[in-house]
Amino acid sequence: MKKFASWFVIGLLAFLLTACGDKDEKLVVGATNEPHAMILEKAKSILEEKGIELEVQVFSKYELLNSALDNGDLDANYFQHIPYFEREIEEFGYDFVNAGGIHIEPMGLYSQKYESLDDLPDGATVIMSNSTSDHGRILSLLEDAGLITLEEGVDPLTATVDDIAENPKNLQFDYDYAPDLLPTIYNNQEGDVVAINSNYALDAGLNPVEDSIAIEDESSPYVNIIAVRNGDEEREDIQALIDVLHSEEIQQYILDEWKGAVVPVD
């Protein structure tokens, strides 16, 4: 009986150790739905060939992803561009690092009323999100179109409406909305122009390339990244994830699936 009990204990310990080992080999990455989670799902089988089990946790509210990474619920997250990432670190003190840039989601300007930014009337309303890290890129699009001029020396990445030096059409800016509400605002024909990031546009069935009246090009500095806790960027599974997401197969998938609405980066 004692011998049986000893073997039972040994077997139980072996099982627990194996189970713990399996858990350690799982890579848990949080993401918003499109395109981030879709890209990760495409990468699953490639990572599996490398002995890495990828679990993708989809978040509908992007505001929760960094706190989930910070408290250890995630090994990495994939949803944010670099200016937002840097702003979150500054505001909340996260000890995160950028493990690698994966793609760009161009910001687009959409209108139910006008076919071109040149057609905007005096006093037209531009609706933006309440995410101030996006305001600079929207203002840069308007400046490129000749509708506004920013103060000389202002960094476009951090520009706000207070940095507008010239506004000859007296554009009005409304930025009290969560980013995920902007497609609904556009569909409700509110405002004259609505600035929508491509991931939310795609989720709402919009084609950023065809439906926008202005859109960022591939030179945008707003690269979406894999974020990890400081030190985890050296983990073999994290490095394997970055390598797979940079692979020709995944980059071609991005190009084929979104046709310019999402742009891969090396």
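Everything below is about the structure printed above this text.
Values in this document were obtained by computation on a predicted structure and should not be read as measured data. (Residues numbered from 1 in each chain as written. Predicted model: local features only at pLDDT ≥ 70, side-chain atom pairs only at ≥ 80, totals over all residues. Heavy atoms only, no water.)

1. Comments concerning the overall build of the chain
Part 1: Looking only at helices and strands, the chain has 10 helices and 13 strands in total.
Part 2: With the C-alpha coordinates aligned to their principal axes, the bounding extent of the chain is approximately 90 × 35 × 30 Å.
Part 3: Looking at the chain residue by residue over its 266 residues, the buried ones come to 47%.
Part 4: Here the contacts in the chain between residues at least 6 apart in sequence split such that 76% fall between residues at least 24 apart. (Helix = DSSP H or I, 4+ residues; strand = E, 2+ residues; numbered from the N terminus. Buried < 20%, exposed > 50% of the residue type's maximum accessible area, 1.4 Å probe, protein only. Contact = heavy atoms within 4.5 Å.)

2. Structural notes on the pattern of salt bridges
Part 1: Taken as a whole and assessed by the stated rule, the structure comprises 11 salt bridges.
Part 2: With its nearest N and O atoms 2.6 Å apart, the salt bridge here joins Glu216 to Arg137. With Glu216 in the loop between strand 11 (214-215) and strand 12 (223-229) and Arg137 in helix 5 (residues 135-144), this residue pair connects regions lying 79 residues apart in the sequence. You'll find Glu216 and Arg137 in the same group, each marked buried.
Part 3: Through salt bridges that share partners, Asp75, Arg229, Asp232, Arg235 and Asp237 make up one connected network. (Salt bridge = Lys/Arg side-chain N within 4 Å of Asp/Glu carboxyl O.)

3. Comments concerning the sheet that holds strand 1 (residues 26-31)
Part 1: Read across the open sheet, the 6 strands follow the order 2-1-3-12-4-13; overall the sheet is mixed. At either end of the open sheet lies a strand with only one pairing partner, and these are strand 2 (53-58) and strand 13 (263-264).
Part 2: Two elements, strand 4 (residues 96-104) and strand 13, share 2 bridges in a ladder whose sense is antiparallel. Among the inter-strand pairings, Ile104 is bridged to a residue of strand 13, identified as Val263. (Pairing = 2+ DSSP bridges.)

4. Focus on empty space enclosed by the protein
Empty space among the atoms becomes visible once a probe the size of a water molecule is rolled across them.
Part 1: On inspection of all chains with the given rule, the structure shows 2 cavities of 30 Å³ or more.
Part 2: Considering only enclosed or pocket space, the largest cavity measures out at about 240 Å³ in volume.
Part 3: Lining the largest cavity are 21 residues, with His81, Asp134, Asn197, Asn199 and Tyr200 positioned closest to its centre.
Part 4: Where the lining of the largest cavity is concerned, the elements lending two or more residues are strand 3 (76-81), strand 10 (193-197) and helix 7 (198-203).
Part 5: Across the lining of the largest cavity, the residue classes break down as 10 nonpolar, 9 polar and 2 charged.
Part 6: Considering only enclosed or pocket space, the second largest cavity measures out at about 40 Å³ in volume.
Part 7: If you go around the second largest cavity, the residues you meet are Tyr110, Ser111, Gln112, Lys113, Tyr186, Gln189, Glu190, Gly191, Asp192, Val193 and Val194. (1 Å grid on protein atoms, 1.4 Å probe; cavity = no way out; pocket = protein on both sides within 12 Å on 5 of 7 lines; lining within 4 Å. Points joined across faces, edges and corners; volume = space filled by probe spheres on them. Nonpolar A, V, L, I, M, F, W, Y, C, P; charged D, E, K, R; others polar.)

5. A few points about a negative patch on the surface
Part 1: Taken together, the side chains of Glu143, Asp144, Asp217 and Glu218 make up a negatively charged region of the molecular surface.
Part 2: With respect to the secondary-structure elements, Asp144 resides in helix 5. (Patch = residues over 30% accessible without salt bridge, like charges linked within 9 Å, V, L, I, M, F, W, Y side chains within 5 Å. Areas by Shrake-Rupley, 256 points an atom, 1.4 Å probe, with all protein chains shown as cover. Lys, Arg positive; Asp, Glu negative; His and termini not counted. Charge placed at Lys NZ, Arg CZ, Asp CG, Glu CD.)

6. A word on the pairing of strand 1
Regular strands place side chains that alternate from one sheet face to the opposite one.
Part 1: For strand 1, a buried count of 5 out of 6 residues is recorded, marking the element as mostly surrounded by other parts of the structure.
Part 2: Relative to strand 2, strand 1 runs parallel, the two sharing 6 bridges. Within strand 2, the position partnered with Gly30 by the bridge is Gln57.
Part 3: Between strand 1 and its parallel partner strand 2, the chain crosses via helix 2 (residues 33-49), and the hand of that crossover is right-handed.
Part 4: Where strand 1 lies against strand 3, 3 bridges are found, and the strand directions are parallel. In the strand pairing of strand 3, Ala31 is matched with Tyr78. (Right-handed = clockwise from strand over helix to strand, strands pointing away.)

7. Some remarks on the pairing of strand 12
Part 1: Burial runs high along strand 12: 6 of the 7 residues are buried.
Part 2: In terms of strand pairing, strand 3 meets strand 12 through 3 bridges, oriented antiparallel. Residue pairing across strands places His81 opposite Asn224, the latter belonging to strand 12.
Part 3: Relative to strand 12, strand 4 runs antiparallel, the two being bridged by 7 bridges. Following the sheet pairing, Phe96 is matched in strand 12 by Arg229.

Nothing here speaks to function; it is geometry throughout.
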